[in-house]
Structure formats: structure tokens, C-alpha cells
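The chain contents come next:
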Amino acid sequence: MASAMILAAGLGTRLRPLTDELPKPLLWLGDRPLIAHIAEQLAAGGVRRAALNKSHLAERFSRDLIAAFPVPVEVLHEPEPFGTAGGLANAAGALGDGDVVLWNGDILIDLDVAALCAAHGDHGAAATLAVAPRPAGEGTVGVGAHGEVVRLRGERFGEEAAGGDFVGVHVVGEALRRRLPPRGCMVGDVYLPWLREGRALATFAAPGVWHDIGTLAAYLDASARWLAQRGLRSHVGPGASVAGGVDVSGSVVGAGARVEGAGALRGCVVWPGARVDVDAGAPLERAVVTTQGRVVRAAV
């Protein structure tokens, strides 16, 4: 089974001010941080060794957090983000030789990692991109009749049979790993030059529902889906308290948080340890309450 790397060194600028307190992969999602959901997916797919790069708010990736993952993870610090390709290149010593599952640390998707790796082995391409299917001409990737990449970032390399969206999860083979730059982007600096040389990249059909948690609205949508998948009206974590006069619906209240006052909390995420006072005259709706007390509302 391939080793894996979780890319967690990004700045998360579109999610500020949330990412002034936490790196994107550590945003609270349901009962744990987003990155813990990714580690669980990798372990379930048979991954037995992983690496993780960190840069922005690096101290937030605590030993206790990493130790709780269901797969051993070596953490690598980058003084400044090296990029998706540079981060993987820097992890060569931690990952060893062979194929690597590369997973963007802001992506939530129910993906069969074992099936992705098996498909990569079957078609023998240099890399296999997980792509959520769309009609031909749509999405970020064009797919040929045999599942090969024929369109990427607007450049065309063959006849397109279907479109799709690259979901930020892929398997990178040894041939491409040997070409990785010390700084740079997997798509722009590795995949596109490879395709321009007339070489092949493969695709794997990913689920159509997935979340790129790059904006506040996307984060709240992912939280709502986490609840819906479990048939929950809301989730209140261990040690959290909700005042009797507060109606909580479609919301996640993190461990040790306190929701006070009287009124409605709708479609919100209250981070662990946070405190918020709900006003009966103005429901708190589609907002995130951070541990430091920020209340960040999504645009309606």
C-alpha cells in the first residue's frame, strides 16, 4: 500500500479571520479537526505511513493531536510554504520510495483510498487524479475515452469524452516524484509539463459530493453535511453547556464550549472552549464562534 502525505502548510487567506487562530486543516468539523477525518480515511484505505507538512501557525499541530491519528504521521516544518510539489519533494526521506497518496489538507470527501491506489496500479500512469465527474467541457479537468487527462487548466491534450473536477486527492508515482522541484505546484510545475511532453496522467472517478473548505460558506456547508450524514439535528461535544433557553439546530458546539442567553443558534459552529451569548431578538445563524471569541458570519 502506498504511503501518504497530507498537505497542511497553506496560509488559508480566504478563511481569515478563522485562520488567524487555526490553520485550515485544524478547523473544527463535527467531533474533531478536519485533518483527523483525513487521517481516518487514509488509515481505512490501508495507508500505514504518512507525512504532514506545516508552516502557518505550525505550533498548533501538537504532539497529542498527531499521536491520536490512526496512522503514524511524520511532521515536517516548512519555514515558508514550499508549495504542493515542493512539500512532497521535501518529504522524500519520510515517505521512502514508491507511490504516494497526496491529499490537500482542506478537502473533505468520502473517498475509497484503496480503490484509488488499485486503479493507479492497474493503469500504470505516472499519476492518478481523483476527479468528480461532470459533463464534457465542464469542470477543471477533461477526461478522455480511456480515463486519461486531456484538459487541465484550460490546456488541451486530446479529445474530451467527459469533464470533471479535480478533488485535491491524487496518487503520485515514482517517475514523477523524481522530477519534483524544491518549490512549486503539482499542477503547474509537474503535471502540465508532463502532459506537454505527450505523456499520460490517469483519472479515478471520485464521489460527486465533496467539500473544498476554502471559504466560510464552504466550511459551514461541510459542517451541515457532517450532521446530516449522521442523522443529527445538532452536536454538542463533551463538557459543553447550552443554556435551557437556547434552541440549537443544524449546529456543532465543540467540547467545553458555552452557549448562553436565550434564542436560536442555527447552522453555526462553536469551536471547542468558545463562549457565546445568544440574543433572543436576533438569532445567530450561519456563523462561526472561535475560541478567542470572534463571531464570524457568512454572507447571506
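One can find the structure itself at the top, above this paragraph.
Residues numbered from 1 in each chain as written. Predicted model: local features only at pLDDT ≥ 70, side-chain atom pairs only at ≥ 80, totals over all residues. Heavy atoms only, no water.

Novice: I'd like a description of the overall build of the chain, backed by residues and values.
Specialist: Assigned secondary structure in the chain consists of 8 helices and 25 strands. Computed over C-alpha atoms, the radius of gyration of the chain comes to 20 Å, within 12% of the 19 Å expected from 2.2 N^0.38 for 300 residues, which places it in the range of a compact globule. Here the C-alpha coordinates of the chain stretch approximately 65 × 40 × 30 Å along the principal axes. Carbon and sulfur atoms provide 50% of the accessible area of the chain, an area that totals close to 12500 Å². (Helix = DSSP H or I, 4+ residues; strand = E, 2+ residues; numbered from the N terminus. Rg over C-alpha atoms; globule rule 2.2 N^0.38 Å. Areas by Shrake-Rupley, 256 points an atom, 1.4 Å probe, with all protein chains shown as cover.)

Novice: So what's going on with helix α1 (residues 34–44)? Which residues, and what values?
Specialist: The element α1 is largely enclosed, with a buried count of 9 among its 11 residues. Immediately beyond the C-terminal end of α1, within one or two residues, lies Gly 46, with a positive phi of roughly 95°. (Buried < 20%, exposed > 50% of the residue type's maximum accessible area, 1.4 Å probe, protein only.)

Novice: Before we move on, could you go through the packing of aromatic side chains and cite the residues and values that matter?
Specialist: Applying the stated criterion across every chain yields a total of 0 aromatic pairs. Across from the ring centre of Trp 194, 4.6 Å away, lies the NZ or CZ of Arg 199, which sits over that ring. (Phe/Tyr/Trp six-rings, centres within 6.5 Å; stacked < 30°, edge-to-face > 60°. Lys NZ or Arg CZ within 6 Å of the ring centre and 35° of its normal.)

Novice: Kindly report on unusual backbone geometry, identifying the contributing residues and their values.
Specialist: The amide bond that connects Arg 16 to the next residue, Pro 17, takes the cis arrangement and shows omega of 10°. Here Pro 17 is to be found in the loop between β1 (3–7) and β2 (28–29). One non-glycine residue, Arg 153, lies in the positive phi region at around 50°. Among the structural elements, Arg 153 can be located in the loop between β10 (149–152) and β11 (155–156).

Novice: I'd like to hear about the pattern of salt bridges, residue by residue, with values.
Specialist: Tallied over the entire structure, the rule returns 19 salt bridges. Measuring nitrogen to oxygen at the nearest pair gives 2.7 Å for the salt bridge that ties Arg 294 to Glu 21. Linking Arg 294 in the loop between β24 (287–289) and β25 (295–297) with Glu 21 in the loop between β1 and β2, this pair joins segments that are 273 residues apart in sequence. According to the relative accessible area criterion, Arg 294 is partly exposed, its value standing at 31%. Because the salt bridges share partners, they merge into one network encompassing Asp 31, Arg 32 and Glu 40. (Salt bridge = Lys/Arg side-chain N within 4 Å of Asp/Glu carboxyl O.)

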